[in-house]
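Structural overview
In case you want the letters, here they are:
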Amino acid sequence: MATIMHFLLKSLSTSLLLSIALCSQALIPDVAPGTAFEPVNPTRQHARVTQQIMTHLLRGHYDDQRLDDRLSERVMDILLDQMDPSRSYLIASDVASFRRYRHQLDDALSRSDLRPAFFMYNRLQQRVSERLSFLLRELKDNGDKYRFDGDETLERDREDAPWATSKAELDALWRKRLQNSMLNLKLAGKEQEEIIELLQKRYQNQLNRIHQNTAEDGYQLFMNAVAHAFDPHTQYFSPRNTENFNINMSLSLQGIGAVLQSEDEYTKVVKLVPAGPADKAGTLKPTDKIIGVGQDEDGSIVDVIGWRLDEVVDLIRGPKGTVVRLQVLPSDGTQAPKEIAIVRDEVKLEEQSAQKDIIEIPGQDGNVTRLGVIDIPTFYIDFKGRMENKPDYRSTTRDVRRLLGELVEEGIDGLVIDLRNNGGGSLEEAVTLTGLFIEEGPVVQVRSSRGRIEVLPDSDPEVFYNGPMTVLVNRLSASASEIFAGAIQDYGRGLVVGGQTFGKGTVQSLRSLGHGQLKITQAKFYRVSGDSTQHQGVIPDILFPSLFDKDKIGESALEEALPWDAIRPADHQRFGSLKEALPALRQSHQQRIEDNPDFRYLRQQKALREELANQTELTLNEKRRRQEQDDIEQRQLALENERRKAKGMKLLASLDELEEEADDSTSSVEGSGAPPEAKADTDKASDSKEAQQENAVEDALLTEAGRILADYIRLNQSKQAAFTAHREQQP
């Protein structure tokens with residue numbers, strides 16, 4: 001069971017990991033605007049696979065559900081959201097024609113009848129084809145007449161907008177969307193003639209691809225809506241996506257190391273593989289949207305708005321050492337596209353392995369607390385090496401044990417385990433790593449779909465490190481990370497600080513279908529305390545402010561996510577109690593961060609992002625749009641300079657100067673008047689202004705985790721000194 005869970009804990013979401021294959025783009029002949037979409041029909045093979053999938057879902061899924069009208073309603077709602085999330089293609093009469101299936105999809109699935117699904121899919125493809133044809137005609141007839149000096153605005157989020165009642169109403173919406181696309185390109189420095197030519201190519205490419213869609217595309221869309229109705233981590237993989245998924249799970253990857261998913265017409269970045277090329281470059285961020293892809297340093301950028309996800313993946317993939325250039329819309333609220341270059345590389349196990357450092361925390365009494373820091377990007381193990389009995393095979397536990405020994409020899413006073421951005425990995429390693437810090441006992445409980453509970457214990461009575469420790473987590477700490485952090489917290493073995501974790505407490509396994517495969521949720525994790533990690537995650541003892549939006553990132557942001565619940569606690573002995581110390585630690589922490597320039601900067605950045613995210617409309621006036629972008633940059637510059645002034649650092653004339661500082665980032669930190677502990681992790685600085693800003697915040701969070709642990713160590717020392725003095729006074 002542990003092996004299966006190691007295999008599947010790595011995936012946080014339904015997405016594709018960029019890895020090894022080369023791009024091979026076939027030439028697709030142009031489709032004339034207005035050409036009718038050729039309907040596709042299900043195959044007999046699809047009917048057979050449907051029967052297999054429904055058998056697995058109804059008999060093997062963790063959440064016992066019936067094939068009834070209620071499930072049919074959920075499938076219909078999910079399917080509509082997946083087909084047209086921005087309500088920009090279908091019209092009200094289309095949706096009305098689908099309603100007759102609202103309570104019939106369950107009956108159709110029981111018969112493996114896919115005709116209702118394909119009726120809806122073909123109608124969608126027809127409407128998409130009509131929209132693209134409209135844009136091409138509009139560009140040809142009126143492209144040079146568009147102006148950007150009016151008062152029109154474009155609604156940013158149409159998720160809850162009413163369905164358009166006519167094609168004329170959709171035409172008005174799409175004229176605004178076309179105007180916005182043209183304005184974005186104009187702001188990027190393109191001339192009107194060039195803009196028209198580029199958009200004509202974009203929409204013609206999209207139209208060509210729509211007419212290349214196959215029955216497999218329609219089938220995958222529908223069956224994933226069915227699977228999602230059970231939970232967001234259950235998914236059908238077509239034969240092509242089965243190959244992608246198997247590549248995702250390999251220990252050695254080539255590419256840029258990014259997890260992508262489709263959102264509206266865009267390809268959105270979900271997460272970055274720790275220590276992968278994109279992560280190390282620091283220029284690509286979660287929730288960024290990729291709108292163009294170019295090969296090598298001088299290759300032309302191919303517009304990929306509206307492309308299928310697998311086609312975008314094919315473009316970005318490539319061999320080690322080659323360059324891919326991405327044009328992205330940043331996730332920080334600005335609308336101006338930026339271009340970044342990333343060198344594809346192999347994501348090596350060595351680069352994802354645990355690393356150590358030492359930070360020094362000065363006290364008010366002049367004494368310095370030396371703290372070891374072990375950064376664990378993922379829970380890894382070389383299964384092949386272990387099976388072959390290699391004496392030097394790599395694993396998280398073996399590496400951390402070695403690093404701990406080195407840190408103890410260097411005379412550390414305490415330990416920080418940094419699990420930020422650690423999306424999981426091997427369950428077995430989460431259990432054995434916990435065993436380095438506790439005596440033998442249960443670490444995690446796993447409940448199957450049939451209610452059977454298996455307790456996975458640490459059976460080694462040795463405690464390799466028994467000193468004070470803190471675990472640092474954030475919203476991207478998931479799965480195996482949550483198991484380790486939860487066990488440390490439940491045993492009272494150490495403090496957990498940072499942000500509320502992701503909340504992925506489910507276990508998936510694979511079922512071969514002969515034609516693709518099904519990833520199905522079959523079990524849930526529970527902590528030693530009996531609490532599930534599902535949905536809620538691990539709530540730190542001391543919470544830090546965070547830039548992550550919990551409404552967009554985390555299990556709670558996923559529709560149909562299984563709920564939190566609890567079972568009986570596992571019998572275990574607590575290592576100690578931290579409750580008595582927590583009020584004093586929280587008070588000291590709060591006093592520190594009130595005036596800390598980095599934490600103040602973090603709070604201000606979060607407020608700015610929330611303000612920008614709450615803007616419901618986008619102006620289509622060029623002068624106002626430019627002014628808005630300038631205002632945002634000036635506000636960001638002011639926040640950065642406020643932080644720098646408080647820390648005695650050089651002020652910036654523009655945010656672009658952050659890039660100039662990158663090559664000398666270590667000296668700028670060491671000579672800035674920042675405390676000695678702020679020097680930790682400066683080797684991770686990248687050559688982008690966004691990464692520079694985020695690294696400063698990351699260092700501040702690590703430093704504060706160290707200060708909390710130093711406070712705890714001093715409290716214990718004071719308590720022990722008072723106890724000793726009391727005993728000496730006794731007769």
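The following paragraphs examine the structure supplied in this document.

Procedures and definitions
Residues numbered from 1 in each chain as written. Predicted model: local features only at pLDDT ≥ 70, side-chain atom pairs only at ≥ 80, totals over all residues. Heavy atoms only, no water. Helix = DSSP H or I, 4+ residues; strand = E, 2+ residues; numbered from the N terminus. Buried < 20%, exposed > 50% of the residue type's maximum accessible area, 1.4 Å probe, protein only. Contact = heavy atoms within 4.5 Å. Areas by Shrake-Rupley, 256 points an atom, 1.4 Å probe, with all protein chains shown as cover. Salt bridge = Lys/Arg side-chain N within 4 Å of Asp/Glu carboxyl O. Pairing = 2+ DSSP bridges. Phe/Tyr/Trp six-rings, centres within 6.5 Å; stacked < 30°, edge-to-face > 60°. Lys NZ or Arg CZ within 6 Å of the ring centre and 35° of its normal. Core = buried A, V, L, I, M, F, W, Y, C linked by side-chain atoms within 4.5 Å. Patch = residues over 30% accessible without salt bridge, like charges linked within 9 Å, V, L, I, M, F, W, Y side chains within 5 Å. Lys, Arg positive; Asp, Glu negative; His and termini not counted. Charge placed at Lys NZ, Arg CZ, Asp CG, Glu CD. Axes fitted to C-alpha atoms, helices over the stretch in contact; angles between N-to-C directions. Parallel < 35°, antiparallel > 145°, perpendicular 65-115°, else oblique. Left-handed = near helix turned anticlockwise from the far one by under 90°. Nonpolar A, V, L, I, M, F, W, Y, C, P; charged D, E, K, R; others polar. 1 Å grid on protein atoms, 1.4 Å probe; cavity = no way out; pocket = protein on both sides within 12 Å on 5 of 7 lines; lining within 4 Å. Points joined across faces, edges and corners; volume = space filled by probe spheres on them.

1. Regarding the overall build of the chain
Counting its secondary structure elements, the chain contains 22 helices and 22 strands. The buried share of the chain, reckoned over its 731 residues, is 55%. Residue pairs in contact within the chain that sit at least 24 positions apart in sequence constitute 76% of those at least 6 positions apart. Accessible surface, the chain as shown: approximately 32200 Å² in total, 47% of it carbon and sulfur.

2. Topic: the pattern of salt bridges
By the definition in use, this model includes 42 salt bridges. In this structure, Lys390 engages Glu388 in a salt bridge whose closest nitrogen and oxygen atoms are separated by 3.6 Å. One salt bridge in this structure joins Glu406 and Arg402, with 3.7 Å as the shortest N-O distance. Of the two residues, Glu406 and Arg402 both sit in helix 14 (residues 396-409), four residues apart, roughly one turn of that helix. You can call Glu406 partly exposed: its relative accessible area is 30%. For Arg402, a relative accessible area of 40% corresponds to the partly exposed category. One network of salt bridges, in which partners are shared, links Lys356, Arg394, Asp399, Arg402, Glu406 and Glu410.

3. A few points about the pairing of strand 15 (residues 441-448)
Judged by how many residues are buried, strand 15 sits mostly within the fold: six of eight residues are covered. Relative to strand 16 (residues 453-458), strand 15 is paired through six bridges, and the arrangement is antiparallel. Bridge pairing in strand 16 links Gln445 to Val455. Between strand 15 and strand 16, which pair antiparallel one after the other, the connecting turn spans four residues, and Gly451 there sits at a positive phi close to 90°. Bridge count between strand 15 and strand 20 (residues 517-526): four bridges; the pairing is antiparallel. When the sheet's bridge partners are listed, Val446 is paired in strand 20 with Phe525.

4. Details of the sheet that holds strand 14 (residues 414-418)
Strand pairing in a sheet relies on backbone hydrogen bonds, with the paired strands running either antiparallel or parallel. Taken in spatial order, the six strands of this open sheet run 12-13-14-17-18-21, and their pairing is mixed. The open sheet has two edge strands, strand 12 (355-362) and strand 21 (542-543), and neither has a second partner. In the sheet, strand 14 pairs with strand 17 (residues 469-473) via four bridges, with the strands oriented parallel. Within strand 17, the residue paired with Leu415 across the bridge is Met469.

5. Some points on the packing of aromatic side chains
Inspection of every chain in the model, using the stated rule, returns eight aromatic pairs. Consider the rings of Tyr89 and Trp174, whose centres lie 5.3 Å apart with planes at 50°: the pair is tilted. Residue Tyr89 is found in the loop between helix 3 (69-83) and helix 4 (92-98), and its partner Trp174 is found in helix 7 (residues 167-187); the two are separated by 85 residues along the sequence. The same class applies to Tyr89 and to Trp174, which are both buried. With 6.0 Å between their ring centres and 70° between their planes, Tyr101 and Phe119 make a pair best called edge-to-face. Placement of Tyr101 in the loop between helix 4 and helix 5 (105-110) and of Phe119 in helix 6 (residues 115-142) is noted, with a sequence separation of 18 residues between them. When its relative accessible area of 26% is taken as the criterion, Phe119 is described as partly exposed. It is Arg209 that lies over the ring of Trp307; its NZ or CZ is 3.9 Å from the centre. Positioned above the aromatic ring of Tyr393 is the side chain of Arg398, whose terminal nitrogen or guanidinium carbon lies 4.0 Å from the ring centre.

6. Side note on unusual backbone geometry
Backbone geometry follows two general trends: most residues other than glycine have a negative phi, and most peptide bonds adopt the trans configuration. Unusually for a residue other than glycine, Thr287 sits at a positive phi of about 75°. You can call Thr287 partly exposed: its relative accessible area is 27%. Unlike most non-glycine residues, Asn421 shows phi in positive territory, near 65°. Here Asn421 is to be found in the loop between strand 14 and helix 15 (427-435). In this structure Asn421 comes out as partly exposed when scored by relative accessible area, which is 33%.

7. Focus: the nonpolar core
Ranked by internal contacts, the top residues of the largest apolar core, which has 66 residues, are Ile53 and Phe222. A total of 11 residues in this core trace back to one element, the largest contributor, which is helix 6. If you look at the next biggest cluster of nonpolar residues, it comprises 42 residues, including Ala354, Leu403, Ile417 and Ile488.

8. Re a negative patch on the surface
On the surface, Asp81, Asp157, Glu159, Asp160 and Glu559 cluster together into a negatively charged patch. Locating Asp81 in the fold gives a position in helix 3. Residue class for Asp81 comes out partly exposed when judged on its relative accessible area of 33%.

9. Digging into the packing of helix 6 against helix 7
Between helix 6 and helix 7, the shortest axis-to-axis distance is 10 Å and the interhelical angle comes to 60°. Relative to helix 7, helix 6 is oriented oblique. The element helix 6 and its partner helix 7 pack so that their crossing is right-handed. When helix 6 is examined against helix 7, the residues Arg127, Glu130, Arg131, Phe134, Leu135, Glu138 and Leu139 are found in contact with a partner set consisting of Lys167, Leu170, Asp171, Trp174, Arg175 and Leu178. Classifying every residue of the contact of helix 6 with helix 7 gives six nonpolar, no polar and seven charged.

10. Focus on empty space enclosed by the protein
Using the criterion set out here, one finds two cavities of 30 Å³ or more in the structure. The computed volume of the second largest cavity comes to approximately 30 Å³. Around the second largest cavity sit Leu79, Met83, Ala117, Tyr121, Gly218, Leu221 and Phe222, which together line it. Elements represented by at least two residues in the lining of the second largest cavity include exactly helix 3, helix 6 and helix 9 (215-228). No other element matches helix 9, which puts three residues into the lining of the second largest cavity. For the lining of the second largest cavity, the class distribution of residues is six nonpolar, one polar and no charged.

11. Section: the environment of Phe575
Here Phe575 is to be found in the loop between strand 21 and helix 17 (582-595). Between the C-alpha atoms of Phe575 and Tyr491, which are 84 residues apart in sequence, the distance is 5.4 Å. Residues in contact with Phe575, not counting those within four places in the same chain, are Phe437, Asn466, Tyr491, Gly492 and Arg493.

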